[in-house]
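Listed below, chain by chain, are the residues.
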Amino acid sequence: MTQQIIREAPAPDPLEGQQTNAFFHVPAPNEPILNVNNIQGNILGGFNKDYQALLFLEIENPKAFKQWLKSQIDFIATASEVIAFNRLFKSTRKRRNREGAVKVTWVNIAFSFEGLKKLTNDAGSFKDEAFKAGLAARAADLNDPVDKDGKPIGWVVGGPDNGKVDVVFIIASDDRTDLLAEVSRILESIVTFTDEQGKPKSSGARITFLEEGANLPAPLIGHEHFGNLDGISQPGIRGRVADNPKELLTPRQNPENKNQGKPGQDLLWPGEFVFGYEGQDNDAKTLEHSKGKVVSAGLDWANDGSYLVFRRLRQDVYKFHKFLNDIAVDLNTDPRKVSAKLIGRWPSGAPTVRTPEKDAPNLGNDDDANNDFEFNGDDPPKDNFFRNDVVPPSDDATGLRCPFIAHTRKTYPRNDKTPGGRVPGSEEIDIDRSEVTTQKRRLLRRGIPYGPVSPSTPNNPLKDDKFVDRGLHFLAYQTSIVEQFEFVTQNWVNNSKFSEEAATGHEFEGKLTLGPDPIIGQSDNNKPGGDRTRKFFIHLEDDQNKPQTKELTAPEDWVITTGGGYFFAPSISALKDVLTK
């Protein structure tokens, strides 16, 4: 049964009218009704399964493939089905105080631009240039290692030498046996496809890559391979799943802020993630009044669809843990504290803004508290330097609790001062405008680890006897690959000067305490033989409570891109009425 921690979505009773928390069902009559019977399930609901497989296909014969694809449409899970199941699963688990007896297997599908061109004549009308170019062609721009011709190095899927990836199936299940059975069903149907009369036919497809992912075993359930709880900070989404104004996709669970789901989870308009709905207004003055125009992909049939970014990220666990251990010895502190300062969260998920000097597992496990903080503003220091167990609102404009380079801060700067908040014609930064523009860059992340768990820990780094391929299947939905995934990667994650606006005024010995994201940030020296060294600053207290600010040097990458692709996940109606005609 599923052990995966399903976060950012509440556990309402499975049937309307049984919820006792009055605030939980605050009506939102002005929010759009989402076409959840037409939107694929992993986009808005999230599969959240313990076991998941990615199956990639090349379309060799478009005409034959369309006939085969038509036979698969009824297996594609909708948002309506996934949301209903997730509610039932969590309600059952909560009531029984243990894993329930309900389980299910889901399937979703997405197509590359090259794949869509084989199925429809109007694919060229898609507006996103990154989607049309493909991830491999954009690898150099993302600082992925490439050869002298700009081709990505070391890829096992999605690269120019790996076979075409026109289609990707995402298969997910609570039970591995059920997962393998569904994968086998799809594979068998590709190889032994028959028509309605039972006559053998070509499926028109060729299998190019298949790989399983899985939630890590205890005690790392819900964590990634480096040992940190993952998937905590997901955006809330405005919109209703039924005509009833109280049936919200993201129920309102923060009585102090009607514009949030859970505390700290800002609500965004659905057009940021699904085409055909209002998105965020990048020119709005405040986040509260940031409803924008309907977002279009360039084609009407793309409505209720979403772009999907896939990155296969290999993690070198030993090298990362050894780095933590070496730095901890040098700074006379705990390796887990070094990790927390690089991530912005402790292994439990507890944010360093709220508990900067020690882990707080209860906080990390509390979905109503572990995301309830901001960056801009300051809590007054206590005693020597920091203050633990900060009660919200928790802030850290100085970057002392959560360094400016921390992964969580670099990928989602919340209300930090950013270039997007600059007032035209001046050096002033408008905090409200900063946050408005930051929220235009959010992603719906649906990743899962792959590969066996490592015996290594930050306190006891252990090297594998032989090479072991492990890492993360990074999956994320959005409506602009250029302005969401690529913007975050290029302008925030890899940019050693982001965010100068936030760090100015908080220098250490005359230097801005900045640098690239130490976890997934990459050097722009990405050609063969290029120096991949990265430098960044952290702040912490040593074992004698002495505050330290230190510039660290990472000599190599711990996260290495080994494949990926840009895809479009169409609606059910698009599968039926466009892509199989």
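Residues numbered from 1 in each chain as written. Predicted model: local features only at pLDDT ≥ 70, side-chain atom pairs only at ≥ 80, totals over all residues. Heavy atoms only, no water.

(A) Structural view of the environment of A53. Tracing the chain through its elements places A53 in strand 1 (residues 51–59). According to the relative accessible area criterion, A53 is buried, its value standing at 1%. Considering only alpha carbons, one finds A53 and I186, 133 residues apart in sequence, at a separation of 12 Å. (Helix = DSSP H or I, 4+ residues; strand = E, 2+ residues; numbered from the N terminus. Buried < 20%, exposed > 50% of the residue type's maximum accessible area, 1.4 Å probe, protein only.)

(B) Expanded view of the packing of aromatic side chains. According to the stated counting rule, one finds 27 aromatic pairs in the structure shown. Measuring from centroid to centroid gives 6.0 Å for F85 and F89, while their planes differ by 35°, and the two rings are tilted. Residue F85 and its partner F89 are located together in helix 3 (residues 79–96), separated by 4 residues, close to a single helical turn. Three or more aromatic residues joined by ring pairs make a cluster, and in this case those are F113, F126, F131, F275, W301, Y307 and F568. Cation over ring: R185 sits above F75, and NZ or CZ is 3.5 Å from the ring centre. Sitting over the face of the ring of F487, R441 holds its NZ or CZ atom 3.6 Å from the ring centroid. (Phe/Tyr/Trp six-rings, centres within 6.5 Å; stacked < 30°, edge-to-face > 60°. Lys NZ or Arg CZ within 6 Å of the ring centre and 35° of its normal.)

(C) View of the nonpolar core. Core analysis: the largest hydrophobic core is formed by 75 residues, its most contacted members being F65, F111, F126, F169 and L342. Tallying contributions element by element places helix 8 (residues 317–331) first for this core, with 7 residues. Listed in part, the 36 residues of the second largest apolar core include L54, V82, I170 and V241. (Core = buried A, V, L, I, M, F, W, Y, C linked by side-chain atoms within 4.5 Å.)

(D) Molecular detail of helix 3. The end-to-end C-alpha separation of helix 3 is 26 Å, in line with the 26 Å expected for 18 residues at 1.5 Å each. Of the residues making up helix 3, those classed as buried are A79, V82, I83, F85, N86, R87, F89, K90, S91 and T92. If you follow the buried residues of helix 3, they end up packed against helix 1 (41–44) and strand 2 (105–111). Residue N97 follows helix 3 closely and has a positive phi angle near 60°. (Expected span 1.5 Å × (residues − 1). Contact = heavy atoms within 4.5 Å.)

(E) Expanded view of helix 9 (residues 335–343). In terms of burial, helix 9 is largely enclosed, as 8 of its 9 residues are buried. Residues P335, K337, V338, S339, A340, K341, L342 and I343 constitute the buried set of helix 9. Looking at the buried residues of helix 9, the elements they touch are helix 8, helix 11 (407–411), strand 13 (534–541) and strand 14 (547–554). N-cap assignment for helix 9: the residue whose side-chain oxygen lies 2.8 Å from the backbone N of R336 is D334. Positive backbone phi, at 95°, marks G344, one or two positions downstream of helix 9. (Polar contact = N/O pair within 3.5 Å; in protein donor to acceptor, adjacent residues only side chain to side chain.)

(F) View of the confidence of the model for the protein chain. Across the protein chain, the average pLDDT comes to 91, with 92% of residues at or above 70. Taken together, the stretch residues 4–20 has pLDDT below 50 and engages in 47 contacts with residues farther than four places along the chain or on a different chain. (pLDDT = per-residue confidence, 0-100.)

(G) Region of the structure containing the side chain of N370. Tracing the sequence through the fold places N370 in the loop between helix 10 (361–364) and helix 11. Look at N370 and you get buried, because its relative accessible area is 1%.

(H) Layout of unusual backbone geometry. Between A218 and P219 the backbone carries a cis peptide bond, its omega angle lying at 10°. Relative to the helices and strands, P219 is located in the loop between strand 4 (205–214) and strand 5 (236–237). A cis amide bond links F498 to the next residue, S499, at an omega of -5°. Take S499: it is sitting in the loop between helix 13 (481–493) and helix 14 (500–503). One non-glycine residue with positive phi stands out, namely N48, at about 55°. Tracing the backbone through its elements, the reader meets N48 in the loop between helix 1 and strand 1. For N143, which is not glycine, the phi dihedral falls at a positive 70°.

(I) Just the environment of N35, in detail. Structurally, N35 can be placed in the segment before helix 1. Taking the relative accessible area as the measure of exposure, N35 reaches 34% and is therefore partly exposed. A C-alpha to C-alpha distance of 30 Å links N35 and G222, two positions 187 residues apart in sequence. For N35, the contacting residues outside a window of four places in its chain are Y277 and D304.

(J) Fine view of the pattern of salt bridges. Under the counting rule described, the total for this entry stands at 35 salt bridges. Residues R238 and E31 are paired through a salt bridge, measuring 2.9 Å at the closest nitrogen-oxygen approach. Linking R238 in the loop between strand 5 and strand 6 (267–268) with E31 in the segment before helix 1, this pair joins segments that are 207 residues apart in sequence. Ionic pairing is found between D334 and R336, a salt bridge with its closest N-O pair at 2.8 Å. For D334, a relative accessible area of 23% puts it in the partly exposed group. Here the salt bridges share partners, and the residues they tie into one network are E31, R238 and R252. (Salt bridge = Lys/Arg side-chain N within 4 Å of Asp/Glu carboxyl O.)

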